[in-house]
Amino acid sequence: MIAPAAPRVQRLRQPPGRPQDPPAPTTGTRAAGERAPHEEIYILCRACLHPIARPVDRISVQGRHMHTFANPHGLVFEIGCFQNAPGCGVIGPASDEFTWFPGHRWRVCVCAACLAHLGWLFTASGGGAFHGLILDRLIEPSP
């Protein structure tokens, strides 16, 4: 069962071409790559381009943002730690088996739009939580 995504996720996705979509900027309105002040910048799901997290949500866990781990089957993952990932849903029960972060239980994180496996939600016994997202399954925003 997939846990319901946060309501913010629903506001991020809008079908293209709906009447309430603002018109595309005309040539010369903004310089190439320049964003409007109100536009949020997001890290996207590589499979479907759904917004997953913001660059400002990156955090350091155990002294680093990026970690490399292997699971019991020998699959190696390079993950980045994020304090929030509103574009993810979680599935399955929490487990402490083979946890990469001592004192944390994990649940699988998937893209809320296409259900691609994006990483894990790690929850501490004291209640704190963070997302460990597989970096090669994400698209970073261009600078």
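Higher on the page you've got the structure.
Quick summary incoming for the structure in this document. Worth saying up front: this structure is predicted, and the values here are computed from it rather than measured. (Residues numbered from 1 in each chain as written. Predicted model: local features only at pLDDT ≥ 70, side-chain atom pairs only at ≥ 80, totals over all residues. Heavy atoms only, no water.)

Describing the overall build of the chain
Next, step 1: Helix and strand counts for the chain come out as one helix and nine strands.
Next, step 2: Element order for the chain, N to C, with α for helix and β for strand: α-β-β-β-β-β-β-β-β-β.
Next, step 3: Residue burial in the chain is summarised as follows: out of 143 residues, 31% are buried.
Next, step 4: If you take every contact in the chain between residues at least 6 apart in sequence, the share linking residues at least 24 apart comes to 47%.
Next, step 5: Of the accessible surface of the chain, which amounts to about 8900 Å², a share of 58% is contributed by carbon and sulfur atoms. (Helix = DSSP H or I, 4+ residues; strand = E, 2+ residues; numbered from the N terminus. Buried < 20%, exposed > 50% of the residue type's maximum accessible area, 1.4 Å probe, protein only. Contact = heavy atoms within 4.5 Å. Areas by Shrake-Rupley, 256 points an atom, 1.4 Å probe, with all protein chains shown as cover.)

Some details on the sheet that holds strand E5 (residues 88–95)
Next, step 1: In spatial order, the strands read E3-E4-E8-E7-E6-E5; together these six strands make up an open sheet with antiparallel pairing. Two strands in the sheet have a free side with no partner beyond their single neighbour: strand E3 (66–70) and E5. Looking at each pair of strands side by side, their axes are set apart by 30° on average, direction ignored.
Next, step 2: One ladder, built from seven bridges, connects strand E6 (residues 104–111) with strand E7 (residues 117–124); its direction is antiparallel. Bridging from a neighbouring strand, Arg107 pairs with Leu121 of E7. (Pairing = 2+ DSSP bridges. Axes fitted to C-alpha atoms, helices over the stretch in contact; angles between N-to-C directions.)

Some details on the environment of Asp57
Next, step 1: By secondary structure assignment, the location of Asp57 is in the loop between strand E2 (51–53) and E3.
Next, step 2: With 24 residues separating them along the chain, Asp57 and Cys81 place their C-alpha atoms 8.4 Å apart.
Next, step 3: Those residues in contact with Asp57, other than ones at most four positions away along the chain, are Cys81, Phe82, Gln83 and Asn84.

Comments concerning the sheet that holds E2
Next, step 1: The strand order E2-E1-E9 describes an open sheet built from three strands, whose pairing is antiparallel. A strand with exactly one partner marks an edge of an open sheet, and here the two such strands are E2 and strand E9 (138–139).
Next, step 2: In this sheet, E2 lies alongside strand E1 (residues 43–45) in antiparallel orientation, the contact comprising two bridges. Looking across to E2, one finds that Ile43 is bridged to Ala53.

Looking at the side chain of His104
Next, step 1: On the secondary structure map, His104 appears in strand E6.
Next, step 2: A distance of 3.3 Å separates a polar side-chain atom of His104 from the backbone oxygen of Pro102.
Next, step 3: What His104 contacts, discounting residues up to four positions off in sequence, is Ser95, Asp96, Thr99, Phe122, Thr123, Ala124 and Phe130. (Polar contact = N/O pair within 3.5 Å; in protein donor to acceptor, adjacent residues only side chain to side chain.)

Here's the deal with the packing of aromatic side chains
Next, step 1: Throughout the structure, instances matching the rule amount to eight aromatic pairs.
Next, step 2: Ring centres of Trp100 and Trp120 lie 4.9 Å apart, and the angle between their planes is 80°; this geometry places the pair in the edge-to-face category. With a gap of 20 residues between them, Trp100 in the loop between E5 and E6 and Trp120 in strand E7 connect regions that are remote in the sequence. The pair Trp100 / Trp120 is uniform in exposure class, with both members buried.
Next, step 3: An angle of 90° between the planes, with centres 5.0 Å apart, marks the rings of Phe101 and Phe130 as edge-to-face. Of this pair, Phe101 sits in the loop between E5 and E6 while Phe130 sits in strand E8 (residues 129–134), and the two are 29 residues apart along the sequence. Assigned by exposure class, Phe101 and Phe130 land together as buried.
Next, step 4: Of the aromatic side chains, those joined through ring pairs into one cluster are Phe69, Phe77, Trp100, Phe101, Trp120, Phe122 and Phe130. (Phe/Tyr/Trp six-rings, centres within 6.5 Å; stacked < 30°, edge-to-face > 60°.)

The values reported here are purely geometric and, on their own, carry no functional implication.
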